[in-house]
Each structure stands twice: as structure tokens, then as C-alpha cells.
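Structural overview
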Amino acid sequence: VQLQASGGGLVQAGGSLRLSCAASGRTFSNYNTGWFRQAPGKEREFVAGFRRSGSNTYTYYADSVKGRFTMSRDNAKNTVYLQMNSLNPEDTAVYYCAAGVRVVSPLQPHEYDYWGQGTQVTVSS
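Residues numbered from 1 in each chain as written. Predicted model: local features only at pLDDT ≥ 70, side-chain atom pairs only at ≥ 80, totals over all residues. Heavy atoms only, no water.

1. Quick look at unusual backbone geometry
Spelled out, the test is: Only DSSP runs of H or I with at least four residues qualify as helices, and only runs of E with at least two residues qualify as strands; both kinds are numbered from the N terminus onward.
One non-glycine residue, Asn 78, lies in the positive phi region at around 55 degrees. Within the fold, Asn 78 resides in the loop between β7 (69–74) and β8 (79–84). The backbone of Ser 86 sits at a positive phi, close to 50 degrees, despite the residue not being glycine. Structurally, Ser 86 can be placed in the loop between β8 and β9 (93–100).

In C-alpha cells:
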């Protein structure tokens, strides 16, 4: 599956952005999906994710974004989104979407098989 992330940009603190991750080649809803970010000089960190378990889907958020970020999906468009509100400069990073066939721990980058190219989010103070 090929992933294409978009929607990044420059925004002032307190502002909002919505990231999109469009999948091609496979049905996105069949995969576990996640958003990660990586700031300069830091390791890639988990932001949000969907994990499939049987007929259920569980949503996870990093503590740092709970209440501010919302992950959603549009199966008809084969796309997942990350709505980011109340952004602050600490949210500045390259944001990546990822998909995995078997994901036990959605917070771990190595659990995912496919990655998008990343989209830059810069939050000015």
C-alpha cells in the first residue's frame, strides 16, 4: 500500500491544521493505521492510531495530544485524517502516517509496515 500524507504547513500557536493520509493499492480500512511525528534531533514518536481487533477498532492518542488532536477516517476516500487543534510550538515536527497489517503495540513505529513521506508542521509562537 502506498501512503501520501498532506496538509502540513505553518500556523500560529493556538491554530489548527488537518492532515490527510491517502492510501492507494489496498483498502485502508483493512490496516491498522497511525500518525507519528519527528522533530529535529528527536526520535520518531507516536501521536495517534487506530488498532483493529476483530470487529472492533480502538483509537489511541499520545498523552501530549489528548483533547487537542482527533484521528478519523473516510473509508470511501481510503483516507485517514488527523485534526490538530490548539497547536503549540512543541507540536512542530514532520508528521508521518503509517499502516500495518499486524500491530500489537500501536505506539511502536517498528510495528508498521508502510510509511508515507511525511508532511512538515511548523507552529510559531
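2. Here we look at the state of the cysteines
Put simply, the rule is: The term disulfide is used for any two cysteine sulfur atoms that are within 2.5 Å. A simple rule labels every residue: compare its accessible area, found with a 1.4 Å probe on the protein chains alone, to the largest value its type can have, and call it buried under 20%, exposed over 50%, or partly exposed in between.
Evaluation of the coordinates by the stated rule reveals one disulfide. Paired by a disulfide, Cys 21 and Cys 97 hold their sulfur atoms 2.1 Å apart. Note on the Cys 21 and Cys 97 pair: the S-S dihedral is about 65 degrees, so by sign convention the disulfide is right-handed. Taken together, the residues span a long stretch of sequence, with Cys 21 in strand β3 (residues 17–24) and Cys 97 in strand β9 at a distance of 76 residues. Of the residues examined, Cys 97 reaches a relative accessible area of 1% and is grouped as buried.

3. A look at the sheet that holds β7
So the rule is basically this: A strand pair is defined by DSSP finding two or more bridges across the two strands. Lines fitted to the C-alpha atoms define the axes, with helices restricted to the stretch that makes contact. Angles between their N-to-C directions range from 0 to 180 degrees.
If you walk across this open sheet you meet the four strands as β1-β3-β8-β7, and the pairing is antiparallel. Sheet topology places β1 (2–6) and β7 at the edges, where each strand pairs with a single neighbour. Across the sheet, the axes of successive neighbouring strands diverge by a mean angle of 15 degrees, strand direction being ignored. Pairing geometry for β7 and β8, over six bridges, is antiparallel. In the strand pairing of β8, Ser 72 is matched with Tyr 81.

4. Some points on the environment of Ala 23
Tracing the backbone through its elements, the reader meets Ala 23 in strand β3. What makes Ala 23 buried here is its relative accessible area of 11%. The sequence separation of Ala 23 and Ala 98 amounts to 75 residues, and the corresponding C-alpha distance is 9.9 Å.

5. Regarding the packing of aromatic side chains
Selection rule: Between 30 and 60 degrees the pair is tilted, below 30 it is stacked and above 60 it is edge-to-face, where a pair is any two Phe, Tyr or Trp rings, Trp via its six-membered ring, whose centres lie within 6.5 Å.
Within the structure shown, the criterion is met by six aromatic pairs. Ring geometry for Tyr 31 against Tyr 114: centres 6.0 Å apart, planes inclined by 80 degrees, an arrangement best described as edge-to-face. With Tyr 31 in the loop between β3 and β4 (32–38) and Tyr 114 in strand β10 (residues 114–115), this pair connects stretches of sequence that are 83 residues apart. When the centroid spacing of 5.2 Å and the interplanar angle of 80 degrees are considered together, the rings of Phe 36 and Tyr 112 count as edge-to-face. Note that Phe 36 is positioned in strand β4 and Tyr 112 in the loop between β9 and β10, a separation of 76 residues in sequence. The same class applies to Phe 36 and to Tyr 112, which are both buried.

6. Points about the pattern of salt bridges
In plain terms, the rule: By convention in these notes, a salt bridge is any Lys or Arg side-chain nitrogen within 4 Å of a carboxyl oxygen on Asp or Glu.
Inspection of the entire model under this criterion finds four salt bridges. Residues joined by salt bridges that share partners form a network here, namely Arg 37, Glu 45, Arg 68 and Asp 91.

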